[in-house]
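Analysis of the macromolecular model
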There are 2 protein chains.
Amino acid sequence: MPAQVPIPGQPVRGSRSGKPIMALFDLLGRSWTLGVLWQLSEGGLTFRALQDRCEKVSPTVLNRRLKELSASGLVCRGEEGYALTEAGQELFALLRPFGPWAQSWAVMLEDMDSD
Amino acid sequence: MPAQVPIPGQPVRGSRSGKPIMALFDLLGRSWTLGVLWQLSEGGLTFRALQDRCEKVSPTVLNRRLKELSASGLVCRGEEGYALTEAGQELFALLRPFGPWAQSWAVMLEDMDSD
DNA sequence: ATACATCGCTATCAAAAATGTAGCAAGGGG
DNA sequence: CCCCTTGCTACATTTTTGATAGCGATGTAT
């Protein structure tokens, strides 16, 4: 039985209430979801191109994530393969600052470990 | 063998390169990580309080997530139980806009389904 | 001191999800 | 027809998550 797509308003993995933020976290908290959104941000990619970008993702999981993201209106099929929808781009806009933040986080962790 | 904590600079689940953003996505892409950060944003919580807030999390997983988040410098133990570190608060600041966005996403999904 | 409650977990086992690899059906080019 | 790429599906294995019970430590009231 394949996993269900988290839908705001309905109980999801981890929340009886189905609060939108919890549904979103359920979706984003699955392996590769964040990575796929990140990779698609620069333009449409074919299934295999996406697979290559995400070095270690199995086709099984990639396909499942793409279906979930499509059902959630974040991804759709464009001329060049899979692409972010408008909503997907909005979400990515929120995600973008994570890039630079992760950099400084990495530096902080190094300092933390060397002490 | 328990799961390892994703560390920037080292290969992680899903990335040979170990780019910080990929390490971060690996961490955030585990079940309950996002939810825990969210719940801790309003102040320190004890283990059991956290368990109650996250309705369905098992102690096994909660404990594992807390260890990972501690090792990653995002969470530490304060006077009132577990709390966000400074870095954790920075990350939450990036996460906060997801709340309102999730609301409008929920509305969009309803419209999408009713058409 | 004893009884009881609460807290932060750990142990154990079952279920679900992810991984790795192989390969198929469809479409295009030569 | 032959060969190549694309978008997957099948299947077996490993990893992760989930559910439940309960232990040892600490505090508090009796």
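This text follows the structure it describes.
Below is a short write-up of the structure. This is a predicted model, so every value here is computed, not measured. Counting of residues starts from 1 at the beginning of each chain's written sequence and follows it residue by residue. Chains and ligands are labelled sequentially in the order written, the chains with letters from A and the ligands with numbers from 1. Local features are withheld for residues below a pLDDT of 70 in this predicted model, meaning they are given only at 70 or higher, and side-chain atom pairs are given and counted only at 80 or more; totals for whole chains, interfaces and linings count all residues. Hydrogens and waters are ignored; side-chain quantities use all the structure's heavy atoms.

Turning our attention to helix H5 (residues 86–95) of chain A. Throughout this description, buried means an accessible area under 20% of the type-specific maximum (1.4 Å probe, protein chains only), exposed means over 50%, and partly exposed covers the range between. Here a strand is any run of E in DSSP of at least two residues, a helix any run of H or I of at least four, and the numbering for each starts at the N terminus. Taken as a whole, H5(A) has its buried residues at Ala87(A), Gly88(A), Leu91(A), Phe92(A) and Leu95(A). Around the axis of H5(A), the buried residues are gathered within 140° of arc, so they sit on the same side. Its buried side turned inward, H5(A) meets helix H1 (20–28), helix H2 (33–40), strand E2 (81–84) and helix H6 (98–114) of chain A together with helix H1 (20–28) and helix H6 (98–114) of chain B. As used in this structure description, the phrase polar contact means that two N or O atoms lie within 3.5 Å; if the pair is within protein, one of them must be able to donate a hydrogen and the other to accept it, and residues adjacent in sequence are counted only when both atoms belong to side chains. Measuring from the backbone nitrogen of Ala87(A) back to the side-chain oxygen at the start of H5(A) gives 3.3 Å, which picks out Thr85(A) as the cap. Think of the arc as the fan of directions from the helix axis to the C-beta atoms. Working rule for contacts: check all heavy atoms of both residues, and any pair within 4.5 Å makes them a contact.

Nearness is judged by heavy atoms alone; a residue qualifies as near a molecule or strand once a single heavy atom is within 4 Å of it. Taken together, 21 residues sit near DNA strand D, with Arg48(A), Asn63(A), Tyr82(A), Thr60(B) and Arg65(B) positioned nearest. Separating a phosphate oxygen of DNA strand D from a backbone N or O atom of Lys56(B) is a distance of 3.3 Å. Only helix H3 (47–53) and helix H4 (59–71) of chain A together with helix H4 (59–71) of chain B provide two or more residues apiece to the surface near DNA strand D. Top contributing element to the surface near DNA strand D by residue count: H4(B), with five residues. Split into classes, the residues belonging to the surface near DNA strand D amount to seven nonpolar, six polar and eight charged. Classes in brief: Ala, Val, Leu, Ile, Met, Phe, Trp, Tyr, Cys and Pro nonpolar; Asp, Glu, Lys and Arg charged; the others, Gly included, polar.

Here the focus is the packing of aromatic side chains. Aromatic pairing here means that ring centres of Phe, Tyr or Trp (its six-membered ring) are within 6.5 Å. Orientation follows from the plane angle: under 30 degrees is stacked, over 60 is edge-to-face, and everything else is tilted. In this structure the tally under the stated criterion is seven aromatic pairs over all chains. Between Trp38(A) and Phe25(B), the ring centres sit 5.5 Å apart and the planes meet at 80°, which makes this aromatic pair edge-to-face. Here Trp38(A) is found in helix H2, whereas its partner Phe25(B) is found in helix H1 on a different chain. For Trp38(A), a relative accessible area of 19% corresponds to the buried category. Relative accessible area serves as the criterion here: at 6%, Phe25(B) is assigned to the buried category. Judged by centre distance (5.9 Å) and plane angle (15°), the ring pair of Trp101(B) and Trp105(B) falls under stacked. Taken as a pair, Trp101(B) and Trp105(B) lie in helix H6 at a separation of four residues, close to a single helical turn. Ring pairing ties together the aromatic residues Phe25(A), Trp38(B) and Phe92(B), which thus form one cluster.

Before going further, it helps to examine the protein's contact with DNA strand C. The environment of DNA strand C is made up of 21 residues, and the closest members are Thr46(B), Arg48(B), Asn63(B), Arg77(B) and Tyr82(B). Sugar plus phosphate: this is where 53% of the atoms of DNA strand C within 4 Å of the protein reside. Take Arg48(B): an N or O atom from its side chain is 2.6 Å from a base oxygen of DNA strand C. Ranked by residues supplied to the surface near DNA strand C, first place goes to H4(A) with five residues. Taken together, the residues of the surface near DNA strand C break down into eight nonpolar, six polar and seven charged.

What follows is about the pairing of strand E1 (residues 75–78) of chain B. Residues and elements named next belong to chain B. Criterion used throughout: strands pair if DSSP finds at least two bridges between them. Judged from the four bridges that link them, E1 and strand E2 (residues 81–84) form a sheet pairing that is antiparallel. By the bridge assignment for E2, Val-75 is matched with Leu-84. Linking two consecutive strands that pair antiparallel, namely E1 and E2, is a turn of two residues.

The subject of this paragraph is the pattern of salt bridges. One speaks of a salt bridge when a side-chain nitrogen belonging to Lys or Arg is within 4 Å of a carboxyl oxygen belonging to Asp or Glu. Counting across every chain of the model gives six salt bridges over all chains. For Arg30(B), the salt bridge identified is with Asp26(B), shortest N-O distance 3.4 Å. Per residue, the accessibility class of Arg30(B) equals that of Asp26(B), and both read buried. By sharing partners, the salt bridges in this structure join Asp26(A), Arg30(A), Arg65(A) and Glu68(A) into a single network.

Time to look at the relation of the copies chain B and chain A. Expressed as a screw transformation, the operator carrying chain B onto chain A has a rotation angle of 180° and an axial translation of 0.0 Å, and the superposed copies differ by an RMSD of 0.0 Å. This pairing of chains is accounted for by a two-fold axis. Distance from the rotation axis, computed per C-alpha, reaches its smallest value in chain B at Gly29(B): 2.1 Å. When the interface residues of chain B are mapped onto chain A, 100% of them are again interface residues, pointing to one common binding face. C-alpha atoms of residues with pLDDT of at least 70 in both copies form the basis for the least-squares superposition of the copies.

The residue Trp32(A) is not glycine, and still its phi comes out positive at about 80°. Of note, Trp32(A) is situated in the loop between H1 and H2.

Quick look at the packing of H2(A) against H4(A) now. All names here are of chain A. Packing of H2 against H4 brings their axes to within 10 Å, and their N-to-C directions diverge by 75°. One finds that H2 runs roughly perpendicular with respect to H4. Seen from H2, the contacting residues are Thr-33, Val-36 and Leu-37; seen from H4, they are Leu-62, Arg-65, Leu-66 and Leu-69. Taken together, the residues of the contact of H2 with H4 break down into five nonpolar, one polar and one charged. Throughout, an axis means a line fitted to C-alpha atoms (over the contacting stretch in the case of helices), and angles, computed between N-to-C directions, take values from 0 to 180 degrees. Here roughly perpendicular refers to angles of 65 to 115 degrees, roughly parallel to angles under 35, roughly antiparallel to angles over 145, and oblique to all remaining angles.

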